[in-house]
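Summary of structural features
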Amino acid sequence: MVVIIQFILLFSRQGKLRLQKWYTSQTEKSKKKITRELVATVLARKPKMSSFLEWKDLKIVYKRYASLYFCCAIEQDDNELLTLETIHRYVELLDKYFGSVCELDIIFNFEKAYFIFDEFILGGEIQETSKKSVLKAINDQDVIQEEELEEKRSVLEDLGLA
Amino acid sequence: MRGDAMRGLAVFISDIRNCKSREAELRRINKELTNIRQRFRADKTLDGYQKKKYVCKLLFIFLLGHDIDFGYMEAVNLLSSNKYTEKQIGYLFISVIMNSSTEMKQLIIQNIRNDIQSRNPIFINLALQCVANIGDKEMATAFTQEIPRLLISGDTIDPVKQSAALCLLRLHRTSPESLQLNTEWTARIIHLLNDQHLGVATAAVSLIDALVKRNPDEYKGCVNLAVSRLSRIVTSSYTDFQDYTYYFVPAPWLCVKLLRLLQNYPPPDDASVRSRLNECLDTILNKAQEPLKSKKVQHSNARNAVLFEAINLIIHMDCESKLLVRACNQLGQFLLNRETNLRYLALESMCLLATSEFSHDAVKKHQETVINALKSERDVSVRQRAVDLLYAMCDRSNAEDIVQEMLTYLETADYTIREEMVLKIAILSEKYAIDYKWYLDIMLKLIRIAGDFVSEEVWYRVIQVVVNRTDVQSYAAKIAFEALQAPACHENMIKVAGYILGEYGNLIALDPRSIPMIQFDLIHSKYHLCSTTTRSLLLSTYMKFINLFPEIKQYVQDILRHDSNYRSSDVEIQQRATEYLRLSEICSATVLATVLEIMPPYPEKQSPLLVRLKQKKPLTEAETSSEPFAATTANPEDGPKLAESTIHLNQPVQQQQNGLLLSFDTLESNNSFNDATSYSLPSISSPAPTSSTLQSAKKLLFKNSDIIFENDLLQIGIKVEVAKHILGVEFYYGNKTNSNLTNIANTIKVTGDLESDIRFNIEPIKTGIDPKAQIKQSGTIECLKEFQELPIINLSFYYGNVLQKVDFLFPLYVNKFIERAEMDSNSFFLRWRNLDKPGQECQKIFPAKYPMMHDDCRQKLEGFGWSNLTGIDVNADNFCGAGILHTASQQIGCLYRLEPNKQAKMYRLTVRASKDGVANRLVELLDDEF
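Residues numbered from 1 in each chain as written. Chains lettered and ligands numbered in written order. Predicted model: local features only at pLDDT ≥ 70, side-chain atom pairs only at ≥ 80, totals over all residues. Heavy atoms only, no water.

Quick word on the overall build of chain A
Note the threshold: In this description a helix means any DSSP run of H or I spanning at least four residues, a strand means any run of E spanning at least two, and both kinds are numbered starting from the N terminus. Here's how the labels work: a residue is buried when its accessible area is under 20% of the maximum for its type, exposed when over 50%, partly exposed in between, all with a 1.4 Å probe on protein chains only. Contacts are residue-level and defined by heavy atoms, with any inter-residue pair within 4.5 Å sufficient. Computed with a 1.4 Å probe, the accessible areas rest on the Shrake-Rupley method; for each residue, only the protein chains presented here act as cover.
Within chain A, the regular secondary structure consists of six helices and seven strands. In chain A, the succession of α and β elements from N to C terminus is β-β-α-β-β-β-α-α-α-β-β-α-α. Here chain A holds 162 residues, and the buried ones make up 62% of them. For chain A, the share of sequence-separated contacts (at least 6 apart) that also reach a separation of at least 24 residues comes to 49%. Surface exposure of chain A reaches about 6500 Å², of which carbon and sulfur atoms provide 55%.

The structure is reproduced here in structure tokens:
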């Protein structure tokens, strides 16, 4: 099955996986194996090296932003530079949404990071490149969330006891 | 962003982060899991919000790397909530955790269906996103109607269209057979390329690209739309696209997708579309030369992403030589760029350019830079690209340098790429060897440097080459012997050397340094260090020695008799030792000589090395390893093929239309010559038998007269007569039409080396031909130097006021200047033996293309120009002969031997010539003619 982006992984400099998005069917076991191998490979690379590497029959495009590595697997003949900018655009989206994003934002709001993904990339393909459109979609979701929260706010929940 | 949506989740995450140890974390997680399990089990009154929160916690735990085996039902329940955020978490859980599980599949599909039909766009989108992420066969079947309708319906809002397009794409990819798209929708889907909303167009191109791959004809209409959309983008200013401009580059994602879409089709047929596309590509190349609009890397990346995709398209179309060369120059600049990424990509793209005949030479200009990259790049993936490119750009002219550089690099190369490099070096050094001694030197060096990475195929191939080439066998024996003298020998070296000495050790046995006993001792000194496979091979070598050197028979027998062999625990060794010993004891010398005769030549087929290389790199190498061959060999052979195809294309009318102008190639034509009318070409008296039925792929190769061009209007015949290095030539132009051909003009174009190699002296052509009439143009052609290329004839004339232009290759091959030479067997062999320097000989084994008739071969060889000497070769089936190739400055002696092997349906042709390279050229002319 041909997919433009096969999977995307976000992990920290310590090798902790922060986010994963798989666009091909994989067993949990093979996902873990791939992640382990790839994290080790990418972390071992030196700063001046190219952002691309061949890995099995795929090409890995990665870039480090502060403490986080963003890592995309694409087909051999896909466009590497554009994939690099796809990563960058996603980082920009996170940055704009969280306001100067940091690793903690992604840990505590992992579901938001996924929702942003789905507005930007769908099934491994870019669906919307406009920053404004994506952020508007996410902000609309937040408005709905706020409304729904107003309706049902539990006291216990507020105290963090639930 | 808004405040915390789920306070409890945030608290849990903080707890986990505060855990001081892995055990503490595990305890906290288990506590939470127990808690959630209880809640789910006990509390039937759990509200949607709480369900959502717990499902989200499970998701978090799962993402930490723990297995989650409950909560699925609660997650699916969330899908039917009417609260958006609850639904959203339900879908997220399904997408992340349940993507391949079949449990509750029907329930999930039902929920998705409800949402798709809900008319609430935000619900529809959630459902579509889920399908786009995890869609499978069942979903493809379930939504085969609904989703396409959403895509093309006029009232669907844009974000839903985008999701629907990518949803369909997912379903199409997972299960193309389940997703039946109505053909009435085709046009409407294609027209999404023109959608005002760039986001819709961006999503739609991906879908169309996939549909095109399945059914290119049905979606052919997309080419025009894609070209015009692309053209609108690349010619606009970046300010025109607002938020779709990325760092001053207008819509890079859409551009790249469009450029990829176009790579599914050949260059557009329609001239206007094609020129519009070429303009686009030109514009993109021009923009690459403009100063950067921003110092940010995002700007240059996006610009170059489009540029590289454009170059891919240019390479794919492979027809615009100007664009190809421009692309190559652009990439050449990138090779020197500071950015490692650009250097990497430039090397990668150049690999493809090297396979195009239009840009192969342009790529070769960068050889120095690429070799430097191999030496100085700090990143192994970049060096790997440099290796690939060197391999792709290699041809006869630079093979020696490239192979040497690769060998040098191999010594320090990363282990991961050594085996592949070994294969590449082996392939190149064989393919481009002018001198097979050089090839053998390289191969033995290869085994010495990287013995562990030499796969079986590689050393098998060395043996095959040596067995098939009698001229290198004694050299092979010599260097194999020398290689074994090294104190430490790689086992692969022992195998190769052992095999070669077993076959050809006798060729060096007269040298006192390598008399039989020394050879034997040397090999046997390695025997005990070897694996059983190698030992088995060496036992065969020993046995062959008994035949080659009867004087050491006794020593060999002692070894065979030795317990470690005769009673070896390895069954193969034991069997060989026993059988060989017995054979040596009971057989007479003659029987032994027959049994142990040297190996016959191997049939030539595709090199096993290429097969191996393809296995190593299934995706990329399949292309790059086979295509450079086509590209580099194309030049000499393309000529006649091209000329032929033009003739065939225009042929059909000729026979019926008038019986007056007939081809030389058919029997009837000979008859019609006899009662020649003024229109027909003059009958030709050729020194060789008219050989009119001989089949040949090359015009004029075996004959002194031929039709060299023909279409509906015109037939051009030629007749030549040789006198040393000067060829008398007569062209006959026959008008096949019932009207006048006027303003005839012709030129013979010689380019490159050819300019200094041949000189034409042809009288001007008459300017007109009457209907059904014929004119003659005569002249001489002088051969100054043995030439390679074919001249091109450009002819133009008017037929009924319409200018007609024809260009075709003039099938003037160098053999026309060969004069036959007769000699007796003594002088033949004397000359043959004298021509033993590298470059003087060329041998090729090739399959028979035509029925193997002795008489046909004879006629062809005589027609070729040289003599056919009988009584020279002991085997009457073989052919030998000689000729002198005349050029203005020298006379080149040429000898040949052609050996048919009827059983194998193969020929072996050996040509020796007194001047370097000539033998090669003559073999090239003949190797597909028998």
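Digging into the packing of aromatic side chains
Worth spelling out the cut-off: Aromatic pairing here means that ring centres of Phe, Tyr or Trp (its six-membered ring) are within 6.5 Å. Orientation follows from the plane angle: under 30 degrees is stacked, over 60 is edge-to-face, and everything else is tilted. The rule is short: NZ of Lys or CZ of Arg within 6 Å of the ring centre and within 35 degrees of the ring normal puts a charge over the ring.
Under the criterion given, the structure shown has 36 aromatic pairs over all chains. When the ring of Phe52(A) is compared with that of Tyr344(B), the centres are 5.3 Å apart and the planes differ by 55°; the resulting orientation is tilted. Taken together, the residues Phe52(A) in strand β3 (residues 52-55) and Tyr344(B) in helix α18 (residues 340-353) connect one chain to another. This pair shows no difference in class: Phe52(A) is buried, exactly as Tyr344(B) is. With a centroid separation of 4.9 Å and 75° between ring planes, the pair formed by Trp459(B) and Tyr460(B) is classed as edge-to-face. Site record: aromatic cluster; members linked through ring pairs are Phe520(B), Tyr527(B), Tyr542(B), Phe545(B) and Phe549(B). Stacked on the ring of Phe70(B), the Lys or Arg Arg37(B) has its end atom at 4.3 Å from the ring centre. Over the face of the ring belonging to Tyr436(B) we find Arg469(B), whose NZ or CZ atom lies 3.7 Å from the ring centre.

Describing the sheet that holds strand β5 (residues 68-75) of chain A
All names here are of chain A. Definition in use: The rule for pairing is simple: two strands pair if DSSP sees at least two bridges between them. Axis geometry follows a simple rule: fit a line to the C-alpha atoms, using only the stretch in contact for helices, then measure angles between N-to-C directions, giving values from 0 to 180 degrees.
The strand order β2-β1-β5-β4-β3 describes an open sheet built from five strands, whose pairing is antiparallel. The outermost strands of the open sheet, each flanked by one partner alone, are β2 (17-22) and β3. Geometrically, the sheet is characterised by an average inter-axis angle of 20° between neighbouring strands, direction not taken into account. The pairing of strand β1 (residues 5-12) with β5 spans seven bridges and is antiparallel. The residue of β5 that forms the bridge with Ile5 is Ile74. This element, helix α1 (residues 28-43), spans β1, β2, β3, β4 (58-65) and β5 of the sheet and lies at about 60° to β1.

Points about the nonpolar core
Let me state the cut-off plainly: Definition of nonpolar core: a set of buried residues of the types Ala, Val, Leu, Ile, Met, Phe, Trp, Tyr and Cys, connected through side-chain atoms within 4.5 Å.
With 276 residues, the main nonpolar core has Phe110(A), Phe93(B), Ile112(B), Ile147(B) and Ile189(B) as its most contacted residues. Among residues more than four places away in sequence, those in contact with Ile147(B) are Ile116(B), Leu128(B), Val131(B), Ala164(B), Cys167(B), Leu168(B) and Leu171(B).

A closer look at unusual backbone geometry
Residue and element names in this part refer to chain B. In this structure, Arg119 is a non-glycine residue whose phi angle is positive, near 70°. Secondary-structure assignment places Arg119 in the loop between α6 (105-116) and α7 (121-134). For Arg119, a relative accessible area of 76% translates into the label exposed. Non-glycine residue Leu700 carries a positive phi angle of around 65°. If you trace the backbone, Leu700 turns up in the loop between α37 (667-674) and β3 (705-710).

Topic: the sheet that holds β3(B)
All names here are of chain B. With antiparallel pairing, the five strands of this open sheet are ordered in space as β3-β4-β5-β8-β7. The open sheet has two free edges, formed respectively by β3 and β7 (758-762), since each of these has just one partner strand. Going from strand to strand, the sheet's axes swing by 25° on average, the running direction of each strand aside. For strand β5 (residues 726-735) and strand β8 (residues 774-783), the ladder comprises nine bridges, and the chain directions are antiparallel. Each residue of the ladder has a partner; that of Leu727, found in β8, is Ile781.

With respect to the packing of helix α28 (residues 516-527) of chain B against helix α29 (residues 532-548) of chain B
Residue and element names in this part refer to chain B. Let me state the cut-off plainly: Angular relationships are summarised with four words: roughly parallel below 35 degrees, roughly antiparallel beyond 145, roughly perpendicular across 65 to 115, and oblique for the angles in between. Each crossing gets its hand from how the near helix is turned against the far one by less than a right angle, where anticlockwise is left-handed and clockwise is right-handed. The classification used treats Ala, Val, Leu, Ile, Met, Phe, Trp, Tyr, Cys and Pro as nonpolar, Asp, Glu, Lys and Arg as charged, and all other residues, Gly among them, as polar.
In the contact formed by α28 and α29, the axes pass within 11 Å of each other and the chain directions differ by 165°. Between α28 and α29, the crossing angle belongs to the class labelled roughly antiparallel. You can see that α28 and α29 cross each other, and the crossing is left-handed. Across from Gln519, Phe520, Ile523, His524 and Tyr527 in α28, the residues of α29 making contact are Arg535, Leu538, Leu539, Thr541, Tyr542 and Phe545. Here the residues of the contact of α28 with α29 are counted per class, giving seven nonpolar, three polar and one charged.

Things to note about the interface of chain B and chain A
Where we set the bar: Here the quantity called buried area is the accessible surface, traced with a 1.4 Å probe, that two parts lose on coming together, added over both. Salt bridges are defined by distance alone: a side-chain nitrogen of Lys or Arg within 4 Å of a carboxyl oxygen of Asp or Glu.
Counting from both sides, the interface comprises 82 residues of chain B and, opposite them, 72 residues of chain A. With both chains or domains summed, chain B and chain A bury close to 7000 Å², and 53% of this area falls on carbon and sulfur atoms. Our count for the contact surface shared by chain B and chain A stands at eight salt bridges. Asp379(B) is the partner of Arg45(A) in a salt bridge, and the nearest nitrogen-oxygen pair spans 2.9 Å.

A short note on the pattern of salt bridges
Side chains that differ in sign of charge can pair as their charged atoms come close. Residues and elements named next belong to chain B. The final tally for this structure, using the stated rule, is 68 salt bridges over all chains. The shortest N-O distance in the salt bridge between Lys213 and Asp209 comes to 2.7 Å. Taken together, the positions of Lys213 and Asp209, both in helix α12 (residues 198-214) and four residues apart, correspond to about one turn of that helix. Overall, the relative accessible area of 56% leaves Lys213 in the exposed class.

Some thoughts on the packing of helix α2 (residues 80-98) of chain A against α18(B)
Running from N to C, α2(A) and α18(B) point in directions that differ by 145°, and their axes come no closer than 10 Å. Contacts between α2(A) and α18(B) involve Glu80(A), Leu81(A) and Leu84(A) from the former and Asn341(B), Leu342(B), Tyr344(B), Leu345(B) and Glu348(B) from the latter. When its residues are assigned to classes, the contact of α2(A) with α18(B) shows five nonpolar, one polar and two charged.

What about the pairing of strand β10 (residues 802-809) of chain B?
Residues and elements named next belong to chain B. As paired strands, strand β9 (residues 792-799) and β10 are joined by eight bridges and run antiparallel to one another. If you follow Ile793 over to β10, its bridge partner there is Phe808. Linking two consecutive strands that pair antiparallel, namely β9 and β10, is a turn of two residues; a positive phi of about 55° is found at Gly800 within it.

Comments concerning helix α22 (residues 399-410) of chain B
All names here are of chain B. Rules: Expected helix span is taken as 1.5 Å per residue step, with the number of steps being one fewer than the number of residues. This arc describes the spread of directions from the helix axis toward the C-beta atoms.
Compared with the 16 Å implied by 1.5 Å per residue over 12 residues, the 16 Å span of α22 between its first and last C-alpha is a close match. The set of residues buried in α22 consists of Ala399, Ile402, Val403, Met406, Leu407, Tyr409 and Leu410. Seen end-on, α22 carries its buried residues on one side only, within an arc spanning 165°. Buried positions along α22 lie against α20 (367-376), α21 (380-393), α23 (415-431) and α24 (436-450).

Notes on the side chain of Asn304(B)
Residue placement: Asn304(B) occurs in helix α16 (residues 297-317). Once you skip the residues sitting within four places of it in the chain, Asn304(B) turns out to touch Leu81(A), Phe334(B) and Leu342(B).

Some thoughts on the confidence of the model for chain B
Residues and elements named next belong to chain B. What counts is decided by this rule: Within a predicted model, pLDDT stands for the predictor's per-residue confidence, ranging from 0 to 100.
Model confidence for chain B is summarised by a mean pLDDT of 84, while 90% of its residues fall at 70 or above. Counting interchain partners and residues more than four positions distant, the pLDDT-below-50 stretch residues 618-692 has 115 contacts. Scored as a whole, the predicted complex attains pTM 0.67, and scored at its interfaces, ipTM 0.93.

A few points about the state of the cysteines
Residues and elements named next belong to chain A. Let me state the cut-off plainly: Counting rule for disulfides: a pair of cysteine sulfur atoms within 2.5 Å.
Inspection of every chain in the model, using the stated rule, returns zero disulfides over all chains. Cysteine Cys72 is unpaired, with the sulfur of Cys71 as its nearest cysteine sulfur at 7.3 Å. Relative accessible area serves as the criterion here: at 2%, Cys72 is assigned to the buried category.

A few points about helix α25 (residues 456-468) of chain B
An ideal rise of 1.5 Å per residue puts 18 Å on 13 residues; α25(B) measures up with 18 Å between its terminal C-alpha atoms. Most of α25(B) sits out of view: 10 of its 13 residues are buried.

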